[in-house]
Amino acid sequence: MKKLIMAALAGVVGLGAYARTFEVRAWRGETVTAILPDSCETALTPEGLEIKIGHLELVKYAPHPGSLERREIYDRVAWGSEGSHGPRVVEIKVPRSAKPGVYKSGMMNVTVIDRVLPEPKEWKYYLDLWQHPWAIAREARVVPFSNEHFDAMRPVYKLLASAGQKTITIPILDEPWDHQCRDAYHSLVEDEDFKLFDIYVEFCRACGLGPDIACYSLCPWKLKVQPGTAQFEEYWGGFLQRFAAHLKEKGWFEHTYMAMDERSPAQVKAVSEFVEKYAPGMKISMAGNRRPSDFEGIKIDNYSQLLNYIDEAFLNEARERREAGLKTTLYVCCSPNTPNTFVGSDAYEAFWLGAAPEVLGLDGLLRWAFCSWPENPQEDASFGNWRAGDTFLAYPRGEPSIRFLELRNGIIAAEKLRILRDEGAISEADEAEIAKDFNVDSALKGRYYHAAIKEKLGRILNR
C-alpha cells in the first residue's frame, strides 16, 4: 500500500519514488515542499539552507457527502520524526542571500538558481482563503478573542500568510452564510467603537495577512431586510457612515471591501448604490457564477468567478477589467468535482489551481475555507453534506494539509511565471507548452495528469 502511495506522489520535484538521488531546483527566497522518496536519505542541513522533514498522517474521510462510510488518506503534515510511518515530507527554505549552486544533503541535491522570489507579502498574486476564528477557539477550548485564542490563531494564520494571503475575512453581522459551518460566524463590528474589529485586524496584519479587509455582508444569504428598501437604509445606513469614518481614521478605508457571495445582479446593484451613497469610494467585491458584464452599470472592484463558468468570453472580460485597474480571480468551493482541494482529490489538483490564474490571465484565487473545521479534523475530515476537506486546508496548531502545501507550490509557480513574463524571459514556445496544460474545459473533464503538469512547469520555470 505504501509503495502505491509513493508512486502516486512521485515526481513532485524529483526523479521518482525509487530514484537514488532526489533533485530539487529552487529560486533564492523560495520555499519548496515535496514528498521524499522512500530511498532518499538526508543528512545534515547544508549551510545556507533551512530544511525540515515531517511525515503525512492518515485522516479518515467520507468518500461522498453525508456518507457513513469512512476511508483513510494521507493528508495532515506533522513536522518531526516521531509518530507515523507515512510518506515523508520535506520543506526547503532558500534564503534570498543564498549563493547559487548545488547544495547536498545525503541523497538530496538542491540546486539554487540565480533568480529571486520576493517575500509572500510582496507577491502580486491575489489569494483569498476565508478564515474562521471561532472554529479555532472551539478546537483550542479557549474564550474567543482571549490571549489564549490569539495564541491559537497565530500559527494557523502565519501558515496562511506563507502563501501570500491578501485578505482578512470580517463578518459584519452574525452568520452571513447562515449556519452552514460547524461553528457560527459572529459579527466583529457590533461594538460602537469598533474595538474588537481593530484588535483583530491588527493581529491578522501582524501575522502577515492582508492588507485588504473583506466585510461580509450587507447582502447575506439569509436576508433580514432587502437591499434597496427603506428598512435596509434604516438598518445599515448609520452603521456604514460610522464604519467608513472609522476606517479612514485608521488608514484602512482604501483596503476595505463590502463583499458579497453569489448574489443576483439586482441585489448587487442595490448594495452598490447604497454603499456609494453612505460611504462614497468604498470598494465592492463579489464571488459569483456570471460574467461581470451581467452586472451592467455596477463597478465590482474585485470579482471572482467559479471555475465551472470560466470560458473565453469571461477571460476576455477579465483582460478588459485588468486594463481598467480591476481585479479578477477564480474560485472553487463544493464545485467542481475536479480540479479541487477536497481530501479525496489528487493533491496535485491543488497545484494546478494555484498556478492556473497566472496562466489564464487572472489575478488570483479565492476559496472558502481555510480553517472551518469539523468536530475533530485530525481524526475525521468529514462534515455533513460537504465533501471532506471542502471546509479547510489547514489543521489546528498550524499543521498544513498536503493540499495546502501543493496549493502554495502552485501559487509560487504562478508568481515565478509572472516575474519571467514581466522580464520577457518566457518564449512563445514555452507559453504554448504551458497553455496546453491549463485548458479549463479539459481540467473540468478530468483530462489532466496533474503531477506531470507540475513537473513540466517546474522544468520551464527553473532553468
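Look up a bit, the structure's there.
Rules and cut-offs
Residues numbered from 1 in each chain as written. Predicted model: local features only at pLDDT ≥ 70, side-chain atom pairs only at ≥ 80, totals over all residues. Heavy atoms only, no water. Buried < 20%, exposed > 50% of the residue type's maximum accessible area, 1.4 Å probe, protein only. Helix = DSSP H or I, 4+ residues; strand = E, 2+ residues; numbered from the N terminus. Pairing = 2+ DSSP bridges. Expected span 1.5 Å × (residues − 1). Bend = angle between axes of the 7 residues up to and from the residue. Salt bridge = Lys/Arg side-chain N within 4 Å of Asp/Glu carboxyl O. Axes fitted to C-alpha atoms, helices over the stretch in contact; angles between N-to-C directions. Core = buried A, V, L, I, M, F, W, Y, C linked by side-chain atoms within 4.5 Å. Contact = heavy atoms within 4.5 Å. Phe/Tyr/Trp six-rings, centres within 6.5 Å; stacked < 30°, edge-to-face > 60°. Polar contact = N/O pair within 3.5 Å; in protein donor to acceptor, adjacent residues only side chain to side chain.

A.B. asks: Describe the pairing of strand 8 (residues 126–129), with residues and values.
C.D. replies: Side-chain direction in a regular strand flips from residue to residue, so the side chains alternate between the two faces of the sheet. Side chains Y126 and D128 of strand 8 all project onto a buried face; the interleaved residues L127 and L129 project onto the opposite face, where all are buried too. In this structure, strand 8 lies alongside strand 15 (residues 364–367), joined through 4 bridges in parallel fashion. Bridging across to strand 15, L129 finds its partner in R367.

A.B. asks: Just give me the short version of helix 3 (residues 147–161), but keep the residues and values in it.
C.D. replies: Compared with the 21 Å implied by 1.5 Å per residue over 15 residues, the 20 Å span of helix 3 between its first and last C-alpha is a close match. If you look at helix 3, its biggest bend is around 30°, right at R154, and the proline P155 turns up within four residues after that.

A.B. asks: Before we move on, could you go through the pattern of salt bridges and cite the residues and values that matter?
C.D. replies: This model, assessed by the stated rule, comprises 33 salt bridges. With a shortest N-O distance of 3.0 Å, K454 and E406 are connected by a salt bridge. In this pair, K454 is assigned in helix 12 (residues 450–461) and E406 in helix 9 (residues 402–422), connecting sequence segments 48 residues apart. Residue E406 is classed as buried on the basis of its relative accessible area, which comes to 2%. Across the pair E433 and K436 runs a salt bridge whose closest N-O atoms are separated by 2.8 Å. Of the two residues, E433 and K436 are both situated in helix 10 (residues 428–436); the distance of 3 residues between them amounts to about one turn of the helix. Among the residues examined, K436 registers a relative accessible area of 53% and is labelled exposed.

A.B. asks: Describe the sheet that holds strand 1 (residues 22–28), naming the residues involved and giving the relevant values.
C.D. replies: Ordered by their spatial adjacency, 3 strands build an open sheet running 1-7-6, and the pairing between neighbours is mixed. Strands at the two margins of the open sheet, each flanked by one partner only, are strand 1 and strand 6 (101–105). Taken over all neighbouring pairs, the strand axes of this sheet differ in orientation by 25° on average, direction set aside. Taken together, the 5 bridges between strand 6 and strand 7 (residues 108–116) define a ladder with antiparallel strand orientation. Residue S105 lies in a different strand from strand 7, and its bridge partner there is M108.

A.B. asks: Tell me what's going on with the nonpolar core, and back it up with residues and numbers.
C.D. replies: Judged by nonpolar contacts, the single largest core of 132 residues is most densely connected at Y157, I170, I172, F197, Y200, M258 and F370. A per-element tally of this core places helix 9 first, with 11 residues. Setting aside residues no more than four positions away along its own chain, M258 makes contact with I172, C215, L218, L240, F243, V275, M282, K283, I284 and S285. Counting residues in hydrophobic clusters, the runner-up holds 17 residues, among them F22, L36, L49 and V90.

A.B. asks: How would you summarise the pairing of strand 15 if you had to cite specific residues and measurements?
C.D. replies: Because side chains alternate across strand 15, one face comprises the buried residues G364 and L366, and the other comprises L365 and R367, equally buried. As paired elements, strand 14 (residues 327–332) and strand 15 share 3 bridges and run parallel to each other. Looking at strand 15, one finds that V332 is bridged to R367.

A.B. asks: Explain the sheet that holds strand 4 (residues 71–79) to me, using residue names and the numbers behind them.
C.D. replies: The pairing of strands in a sheet comes from backbone hydrogen bonds and takes either a parallel or an antiparallel form. Across the sheet, which stays open at both edges, the 4 strands sit in the order 2-5-3-4 with antiparallel pairing between neighbours. The open sheet has two edge strands, strand 2 (31–36) and strand 4, and neither has a second partner. Recorded for the sheet is a direction-independent mean angle of 30° between the axes of neighbouring strands. Sheet topology places strand 2 next to strand 5 (residues 88–93); 6 bridges connect them, and they run antiparallel. Paired with A34 across the bridge in strand 5 is V90. Across the sheet, helix 9 lies against strand 2, strand 3 (50–61), strand 4 and strand 5, angled at about 135° from strand 2, the strand it touches most.

A.B. asks: Quick rundown of the packing of aromatic side chains? Include the residues and the values.
C.D. replies: Both the distance between ring centres and the angle between the ring planes are used here to describe each pair of aromatic rings. Tallied over the entire structure, the rule returns 25 aromatic pairs. Note on W130 and Y216: the rings are 5.0 Å apart at their centroids and 55° apart in plane angle, and the pair reads as tilted. Taken together, the residues span a long stretch of sequence, with W130 in the loop between strand 8 and helix 2 (133–140) and Y216 in strand 10 (residues 212–216) at a distance of 86 residues. For the pair formed by W130 and Y216, the shared burial category is buried. An aromatic cluster of at least three residues, connected via ring pairs, comprises W130, W134, F145, F150, Y157, W177, Y185, Y200, F203 and Y216.

A.B. asks: Quick rundown of the side chain of H149? Include the residues and the values.
C.D. replies: Turning to its location among the elements, H149 is positioned in helix 3. Note on H149: relative accessible area 0%, which makes it buried. Among the polar contacts made by the side chain of H149, one reaches the main-chain amide nitrogen of F145 at a distance of 2.6 Å.

Remember, this is a structural readout, not a statement about activity or role.
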